[in-house]
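The residues making up each chain are set out below.
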Amino acid sequence: MPLKDEVSALMRSVAAQEVMPRFRALAADEIVEKSPGEVVTTADRESELRLSDGLAALGLAARIVGEEAASRDPSLLEGVGEGLVWLIDPLDGTANFAAGHGPFGMMVALVEDGVPLAGWMLDPQSGRLCHAERGKGATCDDVRVSARTTRGDRPVAALATQFMSAARRERVHASARRRFAQVPIPRCAAESYPRLVLGSNDVALFQRILPWDHAPGVLFLTEAGGHATHWDRTPYRVGGESPGLLAAADARHWDAAAELLLVPGGALIDMETRAA
């Protein structure tokens, strides 16, 4: 069985056995605040254990870095951009999940020396599975996809500014309003990237770029023909020092957003050089 199918089957199994049975069924003691404003659930922890065991069994001799393990031991992120690494986000959009609504997802990526080689994003509610392999394109439920824009009167932007100061947040949104219609972010990267490819959003902005949140999505988007870079316009790289991400369904929309936000005098050009 090809690697794509093995990982896909593993994710679907874990979602069916560990995630969905707990959706809207979590006991109070199964939701814990792991840091101010950020929760983790039993579903996150159990899913990560199952995914880690399953990926290890594939025998690639890749290091495994999961979100929850790294939360307990941040040293796991040291050297994450070196060698062969599995990245796991067992339940992206945990706050949504814990509140009893979507979207939420499961994300896995295989990365070598900071470059994503393969990525998977599963929506446990609908069963939608987005996959990409470097140099081989992107698929959604095994159907080849190419990124398409919304084609509305005004392009649609979803800007993740919740980690910025209030003043900087307003500056970003004010700049974007000059050309874009703005919509609320889904608070789930496993949903943000498919929206760019499948015609719901044209542009997405991210400040915090934890590797498991973005390696699968950036690969999926770029293999589908979209465009994504760090705020300093360098190519996305896991474990690098560059800040933020600006992503778009095509180069034209990326250029329009970059003209507003990433040029001297733009809303982000003087942003702190490290993500929050």
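Preceding block: the structure.
Residues numbered from 1 in each chain as written. Predicted model: local features only at pLDDT ≥ 70, side-chain atom pairs only at ≥ 80, totals over all residues. Heavy atoms only, no water.

Along the protein, the regular secondary structure elements total 8 helices and 14 strands. Compactness check: the protein gives a C-alpha radius of gyration of 18 Å against a globular reference of 19 Å for 276 residues, within 12% of the reference. Overall, the protein is about 50 × 40 × 35 Å in size when its C-alpha atoms are taken along their principal axes. The burial tally for the protein puts 51% of its 276 residues in the buried class. In the form shown here, the protein has an accessible surface area of approximately 12000 Å², with 50% of it arising from carbon and sulfur atoms. (Helix = DSSP H or I, 4+ residues; strand = E, 2+ residues; numbered from the N terminus. Rg over C-alpha atoms; globule rule 2.2 N^0.38 Å. Buried < 20%, exposed > 50% of the residue type's maximum accessible area, 1.4 Å probe, protein only. Areas by Shrake-Rupley, 256 points an atom, 1.4 Å probe, with all protein chains shown as cover.)

What follows is about the nonpolar core. Core analysis: the largest hydrophobic core is formed by 36 residues, its most contacted members being Leu 87, Tyr 193 and Phe 220. Elements that contribute at least two residues to this core include exactly strand 4 (84-92), strand 5 (105-112), strand 7 (129-133), strand 8 (137-140), helix 6 (189-197), strand 12 (203-206), helix 7 (211-223) and strand 14 (245-248). Among the elements that take part in this core, helix 7 stands out by supplying 6 residues, more than any other. Those residues within four positions of Leu 87 in sequence are excluded, and the remaining contacts are Val 65, Val 80, Met 107, Val 108, Ala 109, Val 111, Pro 211, Trp 212, Ala 215 and Val 238. With 24 residues, the next largest nonpolar core counts Phe 23, Leu 91, Leu 110 and Ala 118 among its residues. (Core = buried A, V, L, I, M, F, W, Y, C linked by side-chain atoms within 4.5 Å. Contact = heavy atoms within 4.5 Å.)

Taken as a whole and assessed by the stated rule, the structure comprises 5 aromatic pairs. Considering the side-chain rings of Phe 23 and Phe 104, the 4.9 Å spacing of their centres and the 55° angle between planes classify their relative orientation as tilted. Placement of the pair is Phe 23 in the loop between helix 1 (3-19) and strand 1 (31-35) and Phe 104 in the loop between helix 4 (94-98) and strand 5, with a sequence separation of 81 residues. A single burial state applies to Phe 23 and to Phe 104, both of which are buried. (Phe/Tyr/Trp six-rings, centres within 6.5 Å; stacked < 30°, edge-to-face > 60°.)

In this chain, Gly 102 is followed by Pro 103 through a cis amide linkage whose omega measures 0°. Of note, Pro 103 is situated in the loop between helix 4 and strand 5. Phi angles above zero are rare outside glycine, and Arg 24 is one such case at about 60°. One can find Arg 24 in the loop between helix 1 and strand 1. You can call Arg 24 exposed: its relative accessible area is 63%. Even without glycine at this site, Arg 151 takes up a positive phi of about 65°.

It is worth spelling out the sheet that holds strand 9 (residues 143-145) at this point. Within the open sheet, the 7 strands sit side by side as 3-4-5-6-7-8-9. Their pairing is mixed. In the strand order of this sheet, the two ends are held by strand 3 (63-66) and strand 9, each with one partner. Each strand axis lies, on average, 20° off the axis of its neighbour in the sheet, ignoring direction. Note that strand 6 (residues 115-122) and strand 7 share 5 bridges and pair antiparallel. (Pairing = 2+ DSSP bridges. Axes fitted to C-alpha atoms, helices over the stretch in contact; angles between N-to-C directions.)

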